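# Observations on the three-dimensional arrangement
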Amino acid sequence: MTDPCYAQKPILTKEALKEQFCRCGLSSGQTIFVHTSLSKIGFVVGGAEILIRALLEIVGEEGTLMMPSQTWKNLDPATGVHWEVSPEHWPIIRKHWPAYDKEITPAIGMGVVAEMFRKWPGAVRSDHPARSVAAVGRHAEYLTKEHDLAQIFGKGSPVDKLYELDGHILLIGVGYDKNTSLHLAETRANFPTKRFTEESSAIMIDGKRKWVTYRTQAVDDGDFIELGQHYDRAHNVTIYKVGEAEVRFLRQRQLVDWAVQWMETHRREK
């Protein structure tokens, strides 16, 4: 006798995924920044590989996919990223943490899909040692090249270049708190609580590992969920379903422009 719990789980093939994502508005030639939680979709026959294949087949040779491949453990332990280590051992981390290698260094906390995607045939990855992205397709080289240390999400960064291309954002089973493009809005908005900070990472310079400190804008995603709720209402955003996952498919430029105004209104001194 079949367990009734199993019967409730959607079983999704590549063709089923393609059909459902096309209903969300995905089509050939688009440039899309994808954020995903595979487990929220249901049972995908072939897992992360099939999800990636489905999306790549939809956008086709003229399209581009981009995903986060961040390595935020490659930051100074004083920032809290190495919470499992006592402060007395921080100097050891600073001295020995491996330099970022875009071919080898795994993505951290980005999910199984993003980790597989960064190693996909033809994938190109940006050089930022803590906030890299990976891309496949027509605009992959343009999106990932010259990712400046100080411009994590600002001018010339991959999310800024996506804006210039008038690209899209695809949120699969995740919310606005995972929407990296909102950090671009942070860099453009003027609000009194904006601040800058120094970060440090291990990188390779002339074949040698160096612990390098750079100045960049501090990120703050504490209000991204609230911002997203307001955006959904203001623009009557359709929340689609792919399998069991809630899916949003957004024009990045429209969201960023709106978010700049929202931040300038709501991010005030307390």
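To keep things clear, this report deals only with the structure shown in the data block. Every residue gets a number counted from 1 within its own chain, in the order that chain's sequence is written. It should be noted that, the model being predicted, local features are given only for residues of pLDDT at least 70 and side-chain atom pairs only at 80 or more, the latter also being counted only at that level, while totals for whole chains, interfaces and linings use all residues. To get the side-chain values, all heavy atoms of the structure are used, and hydrogens and water are removed first.

### Details of the overall build of the protein chain
Note on conventions: DSSP H or I runs of at least 4 residues are helices, E runs of at least 2 residues are strands, and numbering of each starts at the N terminus. Along the backbone of the protein chain there are 10 helices and 11 strands. Radius of gyration here uses only the C-alpha atoms, and the compact-globule reference equals 2.2 Å multiplied by the residue count raised to the power 0.38. A compact globule built from 270 residues should have a C-alpha radius of gyration of about 18 Å, and the protein chain, at 19 Å, falls within 12% of that. The C-alpha extent of the protein chain, read off along each of the three principal axes, is 60 × 40 × 40 Å. Only protein chains enter the accessibility calculation, which uses a 1.4 Å probe; a residue whose area is less than 20% of its type maximum is buried, one above 50% is exposed, and one in between is partly exposed. When burial is assessed residue by residue, the protein chain has 50% of its 270 residues classed as buried. Taken as a whole, the protein chain presents about 13,500 Å² of accessible surface, with 51% of it coming from carbon and sulfur. The Shrake-Rupley method, run with a 1.4 Å probe sphere, supplies the accessible areas, and residue values consider only the shown protein chains as cover.

### A word on the pattern of salt bridges
A side-chain nitrogen of Lys or Arg and a carboxyl oxygen of Asp or Glu constitute a salt bridge if their distance falls within 4 Å. If you walk through the whole model with that rule in mind, you get 17 salt bridges. Across the pair Lys18 and Glu15 runs a salt bridge, and its minimum N-O distance is 3.9 Å. Here the residue Lys18 and the residue Glu15 both occupy positions in helix 2 (residues 14-24), the gap between them amounting to 3 residues, near one helical turn. Between Arg267 and Glu186 there is a salt bridge, with its nearest N and O atoms 2.7 Å apart. Of the two residues, Arg267 sits in the segment after helix 10 (252-266) while Glu186 sits in helix 8 (residues 181-188), which places them 81 residues apart along the sequence. This pair shows no difference in class: Arg267 is buried, exactly as Glu186 is. Residues joined by salt bridges that share partners form a network here, namely Lys14, Glu15, Lys18 and Glu57.

### Quick look at the sheet that holds strand 7 (residues 168-172)
In sheet architecture, strand pairing relies on hydrogen bonds along the backbone and comes in two forms, parallel and antiparallel. Strand pairing is assigned whenever DSSP detects at least two bridges linking the two strands. Across the sheet, which stays open at both edges, the 7 strands sit in the order 5-6-4-2-7-11-10 with mixed pairing between neighbours. What marks the edges here is a single partner per strand, and that holds for strand 5 (124-125) and strand 10 (240-242). Bridge count between strand 5 and strand 6 (residues 133-137): 2 bridges; the pairing is antiparallel. Across the sheet, the residue bridging to Val124 is Ala135, located in strand 6.

### Thoughts on the side chain of Lys161
Along the chain, the position of Lys161 falls in helix 7 (residues 158-164). N or O atoms closer than or at 3.5 Å make up a polar contact, with two conditions inside protein: a donor-capable atom paired with an acceptor-capable one, and, for residues adjacent in sequence, both atoms drawn from side chains. From its side chain, Lys161 meets the backbone oxygen of Tyr142 in a polar contact 3.0 Å long.

### A word on the pairing of strand 11 (residues 245-251)
Within strand 11, 5 of the 7 residues are buried, which leaves it mostly tucked inside the rest of the structure. Sheet topology places strand 7 next to strand 11; 5 bridges connect them, and they run antiparallel. Residue Leu171 lies in a different strand from strand 11, and its bridge partner there is Arg248. Bridging between strand 10 and strand 11 involves 3 bridges; their strand directions are antiparallel. Directly across from Tyr240, in strand 11, lies its bridge partner Val247. Here strand 10 hands over to strand 11 after 2 residues, with Gly243 in that stretch at a positive phi of 60°.

### So, the packing of helix 9 (residues 224-234) against helix 10
Only C-alpha atoms enter the line fits that serve as axes; for helices the fit covers just the stretch in contact. Angles between N-to-C directions range over 0 to 180 degrees. At a minimum axis distance of 11 Å, the contact between helix 9 and helix 10 shows a crossing angle of 115°. Handedness of the helix 9/helix 10 crossing: right-handed. Seen from helix 9, the contacting residues are Phe224, Glu226, Leu227, His230, Tyr231 and Ala234; seen from helix 10, they are Gln254, Leu255, Trp258, Ala259, Trp262 and Met263. The nonpolar class holds Ala, Val, Leu, Ile, Met, Phe, Trp, Tyr, Cys and Pro. Asp, Glu, Lys and Arg form the charged class, and all remaining residues, Gly among them, are polar. Here the contact of helix 9 with helix 10 is composed, by residue class, of 9 nonpolar, 2 polar and 1 charged. Handedness of each helix crossing follows the sense of rotation of the near helix against the far helix: counterclockwise by less than a right angle gives left-handed, clockwise gives right-handed. Contacts: residue pairs with any heavy atoms within 4.5 Å of one another.

### Observations regarding the pairing of strand 8 (residues 196-205)
By the bridge criterion, 10 bridges tie strand 8 to strand 9 (residues 208-217) in an arrangement that is antiparallel. By the bridge assignment, Glu199 is partnered in strand 9 with Tyr214. As consecutive antiparallel partners, strand 8 and strand 9 are separated by 2 residues, and within that stretch Asp206 has a phi angle of approximately 55°, a positive value.

### Some words on the packing of aromatic side chains
A pair of Phe, Tyr and Trp rings is counted when the ring centres sit within 6.5 Å of each other, with Trp represented by its six-membered ring. The angle between the planes then sorts it: under 30 degrees is stacked, over 60 is edge-to-face, the rest tilted. In the structure shown here, the tally under the stated rule is 2 aromatic pairs. When the ring of Trp72 is compared with that of Trp83, the centres are 6.2 Å apart and the planes differ by 25°; the resulting orientation is stacked. Here Trp72, found in the loop between strand 4 (64-68) and helix 4 (90-96), pairs with Trp83, found in the loop between strand 4 and helix 4; they are 11 residues apart in sequence, far enough to count as distant. Ring geometry for Tyr231 and Trp258: centres 5.2 Å apart, planes at 70°, overall edge-to-face.

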